[in-house]
Each structure stands twice: as C-alpha cells, then as structure tokens.
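Single-letter residue listing:
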Amino acid sequence: MKKFIVLLLALAVAMVLAACGDDGGAAEEGGSGDDDTLTIGISLPSATHGWMGALIDNAEQQAKELQESEGIEYVMTNAADPNKQANDVDDLIAQGVDVIVMLPIESAALTPVGQKVKDAGIPLVIVDRELENDAATVVVKGDNEGIGINAGEYFIEQLNGQGKIVEISGPPSSVTEQRGSGFKEAIDGQEGMEIIASQSGDFSTEKSLEVMENILQANPEIDAVFTQDDGMALGVLQAIKEAGRTDIQFVTGAGGAKQVFEDIQNDGLMSATFLYSPTMVRDAVKIAGELAQGNEPEETMVIKEATQVTEENVDEYYDPESKF
C-alpha cells in the first residue's frame, strides 16, 4: 500500500512538472498567447466631422473588420498637432506593433518619425499626405496633382481663359503643394487668367471663412475661387453669401462632401468638385493587414482617381446617408 501511495505521489509530481514545462515552453516561444497576435498601429490627425472625421470612421471600421475576420488587433491614436503625432508614433514603435498606418499632419514635420519607423524595421503605410523621404512601404492617396490640373482645365473652360482667381490652399503638405502646382500648371500660358490672392484655409471651414472675408474686402472684383478642399469651399461660400457679392461666378472644391454635392444639385455657386474620398484609408488598413501577415504589397503607390463632379453627374455620387 505504501508503495502504491508513493507511486501516486510520484505521478502527481511528474504531472505538475510537465505542466510547468509546458508553460515554460509557451513563454519561451511568445511570452504569452497575446504576444503572437498581430497588431496594426494607426496614427491619424484629430477630427470629429468633415473629410478627416469620415476618414477616421472608415479607418476604425476597416480595422474592426480585420479584427473580426483575421484576428488582427489595432491601436488607434489621434493627434491635434505634429509634435503629439510624432510622440504617438514613437509609442507605437515602443509597443512593437507589426505595421503602422499614418496620415501625417504635416509632411516635413513627420518625415523624421517616418524614418524611425523604417529604422525599427516596421512596415509603414502612408495615407493622403506623403513624407519627404522614402520611409513609406506603401503610399495610398488621391490624385492630388490631377485634382489641380482638372480644376485648372475647368477654370479655363468656364472663364474662356479670362479671369481673376482666388486660391484657398491647405496647410504645408504634399497634398497642398501638388494640388496647387497642378492648378498653376494647367492655367500656365493663359495670359488672361490671374491668381490675385492665394492664402491657406488650413483645411478648415472656419479658417477659410475668415480668410475669404479678408480677401473679399481687399479685392472688389473676383471671377472664381479655387479651393483645395470641400470643407474650405463651404467656408468660402458662407463668406461670399454674407458679403452679398454677386461678381463671383463659381467656386470649386475637392473631396466629395455631401453639402457640396447638394449645392451643385441646387444650382448654387458651387459648380464643381473633384473626388478625393476618405474611404481611401480602408485600402491602407487592408494593405497594412497584408503586410502584418508578412505578405509583399502588390504595389507601393496606390492612387485614387480625381473624378470631376458637376451638375451633369452629381447624382451618381450623392449619398444622402453619407457622414461626409
């Protein structure tokens, strides 16, 4: 009987040791089950409405879909300024995420932190505004130069090559530079067309309203306004309306905002916009999921078409349920 009890005790001890050995093996392989989970870090500007608000919603929705379908986790950060965004990305690197999706608030300011991501060996998917180096693994953007060129050609057609133009641009970034240079390239050589004022509206409706108020006071004659963003266009429209100006023939934007589509439908002062959909971030998050799983990207530059939307085709793109 004693031998039987000793045998049982020996078996029990062996089982406990085996269990401990299994735990030790798991810890050696990954530390914990969670350590084997793939994670996407997402760094975006702060916004609750407009184009950026819609982009943030789309990013989170797509990340949740990947979480449910592929088991890939995500960490979402939002920043109001470049310094905060740089710190956010530093934190994501420190957390050891498998891939980072970033929409830089400013191209130049976020270029160094993009290099940090590359140096850490983490794939980087850049959305919308490009960096000033080659740190990005993949860039997903709209056709910013195409928006500028298409807008310029539209202005030439509508004004018959003659007119005083105001440009409302965005903050310092590749988007602003490319849209502006595309527009100027298109109207270059049209001696009768002149940009009489060009100021930044910071991709903000409120800021653009304020800027346009000052421009209207300083310029008694304006034929048309080229804005680089639909949100800014709405501020411009409000300023023109409040000033009671009737000399301005039309305003154009970029993005594809519901309010802008409605103004086009109602034969308002807004006569055209050029698509730059916030859903582009869905492509970026999907690509990040592939990169996190070790797959090579199909292409390193994904460019969404800058389709012109006017009264002739606005109904094709208008969605009354859209948040943007």
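Residues numbered from 1 in each chain as written. Predicted model: local features only at pLDDT ≥ 70, side-chain atom pairs only at ≥ 80, totals over all residues. Heavy atoms only, no water.

**Q** Can you walk me through a negative patch on the surface in this structure?
**A** Residues Glu70, Glu290, Glu298 and Glu299 make up a contiguous surface patch of negative charge. Along the chain, glutamate 70 falls in helix 2 (residues 50-70). (Patch = residues over 30% accessible without salt bridge, like charges linked within 9 Å, V, L, I, M, F, W, Y side chains within 5 Å. Areas by Shrake-Rupley, 256 points an atom, 1.4 Å probe, with all protein chains shown as cover. Salt bridge = Lys/Arg side-chain N within 4 Å of Asp/Glu carboxyl O. Lys, Arg positive; Asp, Glu negative; His and termini not counted. Charge placed at Lys NZ, Arg CZ, Asp CG, Glu CD. Helix = DSSP H or I, 4+ residues; strand = E, 2+ residues; numbered from the N terminus.)

**Q** What exactly am I supposed to notice about the environment of leucine 291 here?
**A** The residue leucine 291 is located in helix 10 (residues 280-292) in this model. A relative accessible area of 10% places leucine 291 in the buried class. Linking leucine 291 and isoleucine 122, residues 169 residues apart in sequence, is a C-alpha distance of 9.5 Å. The residues contacting leucine 291, other than those within four sequence positions of it, are Val99, Pro123, Val125, Thr137, Val138 and Pro297. (Buried < 20%, exposed > 50% of the residue type's maximum accessible area, 1.4 Å probe, protein only. Contact = heavy atoms within 4.5 Å.)

**Q** Please clarify how helix 8 (residues 230-243) should be interpreted in this entry.
**A** Given 3.6 residues to a turn, an α-helix orients residues that are three or four positions apart in the same direction. Spanning 14 residues, helix 8 covers 20 Å between terminal C-alpha atoms, matching the ideal 20 Å at 1.5 Å per step. Counted residue by residue, helix 8 has ten buried out of 14 residues, so it is predominantly covered. When we look at burial in helix 8, the residues that qualify are Asp230, Gly231, Met232, Ala233, Leu234, Gly235, Val236, Leu237, Ala239 and Ile240. Next to the buried residues of helix 8 lie strand 6 (163-169), helix 7 (205-218), strand 8 (224-227), strand 9 (250-252), helix 9 (258-265) and strand 10 (270-274). Put simply, aspartate 229 is the residue that caps the front of helix 8, since its side-chain oxygen is 2.9 Å from the backbone nitrogen of glycine 231. Among the residues trailing helix 8, glycine 244 stands out with phi positive, at a value near 65 degrees. (Expected span 1.5 Å × (residues − 1). Polar contact = N/O pair within 3.5 Å; in protein donor to acceptor, adjacent residues only side chain to side chain.)

**Q** Before we go on, may I ask you to explain the sheet that holds strand 2 (residues 73-79) in this structure?
**A** Hydrogen bonding along the main chain pairs the strands of a sheet, whether they run parallel or antiparallel. Taken together, six strands build an open sheet; the order of strands is 2-1-3-4-5-11 and the sheet is parallel. The sheet is open, and its two borders are formed by strand 2 and strand 11 (301-304), each paired with just one other strand. The sheet shows a mean angle of 15 degrees between the axes of neighbouring strands, direction not considered. Inspection of the sheet shows strand 1 (residues 39-45) paired to strand 2 by seven bridges, in the parallel sense. Opposite serine 43, over in strand 2, you have threonine 77 as the bridge partner. With respect to the sheet, helix 3 (residues 82-95) is in contact with strand 1, strand 2 and strand 3 (99-102), its orientation differing from that of strand 2 by roughly 160 degrees. This element, helix 4 (residues 107-119), spans strand 3 and strand 4 (124-127) of the sheet and lies at about 165 degrees to strand 3. (Pairing = 2+ DSSP bridges. Axes fitted to C-alpha atoms, helices over the stretch in contact; angles between N-to-C directions.)

**Q** Would you explain the pattern of salt bridges in this entry?
**A** Between side chains of opposite charge, pairing is possible as soon as their charged atoms come close. Summed over all chains, the structure comprises nine salt bridges. In this structure, aspartate 90 and lysine 116 form a salt bridge, with 3.3 Å as the shortest nitrogen-oxygen distance. Placement of aspartate 90 in helix 3 and of lysine 116 in helix 4 is noted, with a sequence separation of 26 residues between them. For aspartate 90, a relative accessible area of 26% gives the class partly exposed. On the basis of relative accessible area, lysine 116 is assigned to the partly exposed category, the value being 43%. Across the salt bridge formed by glutamate 130 and lysine 141, the nearest N and O atoms sit 2.8 Å from each other. Highlighted residues: glutamate 130 in the loop between strand 4 and strand 5 (138-142) and lysine 141 in strand 5, separated in sequence by eleven residues. Judged by its relative accessible area of 15%, glutamate 130 is buried.

From the geometry alone we can't say anything about function, so treat these as descriptive.
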